[in-house]
Amino acid sequence: MTLHGLWPNGADNRHPRYCAAPGPAIPVATVKKHFCMTPSPSLQQHEWAAHGTCGWDSPEAYFEQAARMWNGLNKPDLEAIPAERLTAGAIRDAFVASNPGLPREGVFIATTDGWFREARLCYSKDYRPMRCPRGLGAPDRERLKLAPTGPQTTR
């Protein structure tokens, strides 16, 4: 799993975008430090420019907050869900089971053409799990597929 980014809420729970144009470049050391969390320098730069500039004073502050939240999240093993039982509801339940205190209504499941795309976890402005203001995304019963993660190697 990887972190796409933090998206601050604005008026009417809309996500503000590009509050400082252009967003200053992220220092190489910051990109390297957070590469395991968000393994794409271009995605890091995009998220900082598009969303980070709307709520944080620096790329370091934005990614440090993201890292605190990411490191505090128990990531469920979605591949452990049998393919015949893989639904949006099963993914939502896996996140909730792995993270006591995360409300089921706080897990938005995004899909594309029957494929699981991402789970969006909703937090309040003081970083507490909360109900997603725009609903849950895919309905619980929607059957999904996971993209292959590639060959697993063991030593």
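Residue numbers here run from 1 along each chain, matching the order of that chain's written sequence. Selection of residues for local features in this predicted model requires a pLDDT of at least 70, selection of side-chain atom pairs for listing and counting requires 80 or more, and totals for whole chains, interfaces and linings are taken over all residues. Hydrogens and water are ignored here; the side-chain numbers use all heavy atoms of the structure.

**Overview of the environment of Lys32**
Okay, step 1: Here Lys32 shows up in helix α1 (residues 28-33).
Okay, step 2: As a C-alpha pair, Lys32 and Pro139 span 107 residues in sequence and 37 Å in three-dimensional space. Every helix listed is a DSSP run of H or I at least four residues long, and every strand listed is a run of E at least two residues long, numbered separately from the N terminus.

**Considerations on the state of the cysteines**
Okay, step 1: Cysteine sulfur atoms that pair up within 2.5 Å are treated as a disulfide. On inspection of all chains with the given rule, the structure shows two disulfides.
Okay, step 2: A disulfide bridge connects Cys122 with Cys132, and the sulfur atoms are separated by 2.1 Å. When the S-S torsion is 100°, as for the bridge of Cys122 with Cys132, the disulfide is right-handed. Taken together, the residues span a long stretch of sequence, with Cys122 in the segment after β2 (115-121) and Cys132 in the segment after β2 at a distance of 10 residues.
Okay, step 3: Along the chain, the cysteines engaged in disulfide bonds are linked according to the scheme 1-2, 3-4 when indexed in sequence order.

**Re unusual backbone geometry**
Comment: phi is negative for the bulk of residues other than glycine, and the bulk of peptide bonds are trans.
Okay, step 1: Even without being glycine, Asp113 reaches a positive phi, approximately 50°.
Okay, step 2: At Tyr127, a residue that is not glycine, the phi angle is positive and equals roughly 65°.
Okay, step 3: Mapped onto the elements, Tyr127 comes out in the segment after β2.

**A short note on the pattern of salt bridges**
Okay, step 1: By convention in these notes, a salt bridge is any Lys or Arg side-chain nitrogen within 4 Å of a carboxyl oxygen on Asp or Glu. Evaluation of the coordinates by the stated rule reveals six salt bridges.
Okay, step 2: Among the ionic pairs, Glu64 bridges to Lys33, the shortest N-O distance being 2.7 Å. Separated by 31 residues along the polypeptide, Glu64 in helix α3 (residues 59-71) and Lys33 in helix α1 bring together distant segments of the chain.
Okay, step 3: With its nearest N and O atoms 3.2 Å apart, the salt bridge here joins Asp126 to Arg128.
Okay, step 4: Only protein chains enter the accessibility calculation, which uses a 1.4 Å probe; a residue is then buried when its area is under 20% of its type maximum, exposed when over 50%, and partly exposed in between. The exposure class assigned to Asp126 is partly exposed, which follows from its relative accessible area of 47%.
Okay, step 5: One network of salt bridges, with partners in common, ties together Arg92, Asp93, Arg104 and Asp140.

**Things to note about the packing of aromatic side chains**
Okay, step 1: Pairing of aromatic side chains here covers Phe, Tyr and the six-membered ring of Trp, requires ring centres within 6.5 Å, and sorts the geometry by plane angle: under 30 degrees stacked, over 60 edge-to-face, intermediate tilted. For the structure shown, the criterion picks out three aromatic pairs.
Okay, step 2: Measuring from ring centre to ring centre gives 4.9 Å for Trp56 and Tyr62, while their planes differ by 70°; the resulting arrangement is edge-to-face.
Okay, step 3: Given the relative accessible area of 14%, Trp56 is considered buried.
Okay, step 4: Their ring planes at 80° and their centres at 4.9 Å tell us that Tyr62 and Phe63 sit as a pair that is edge-to-face.
Okay, step 5: Three or more aromatic residues joined by ring pairs make a cluster, and in this case those are Trp48, Trp56, Tyr62 and Phe63.

**Focus: the confidence of the model for the chain**
Okay, step 1: Along the chain, pLDDT gives the predictor's confidence residue by residue, from 0 to 100. Per-residue pLDDT for the chain has a mean of 89; in total, 91% of the residues score no lower than 70.
Okay, step 2: By mean pLDDT, the top-scoring element of the chain is helix α4 (residues 88-98) (98), and the lowest-scoring one is helix α2 (residues 41-50) (92).

**Overview of the pairing of strand β1 (residues 107-112)**
Okay, step 1: In terms of strand pairing, β1 meets β2 through six bridges, oriented antiparallel. Bridge assignment links Phe108 to a residue of β2, and that residue is Arg120.
Okay, step 2: Here, a strand pair is defined by DSSP locating no fewer than two bridges between the strands. Between the antiparallel neighbours β1 and β2 lie two residues, among them Asp113 with a positive phi of about 50°.

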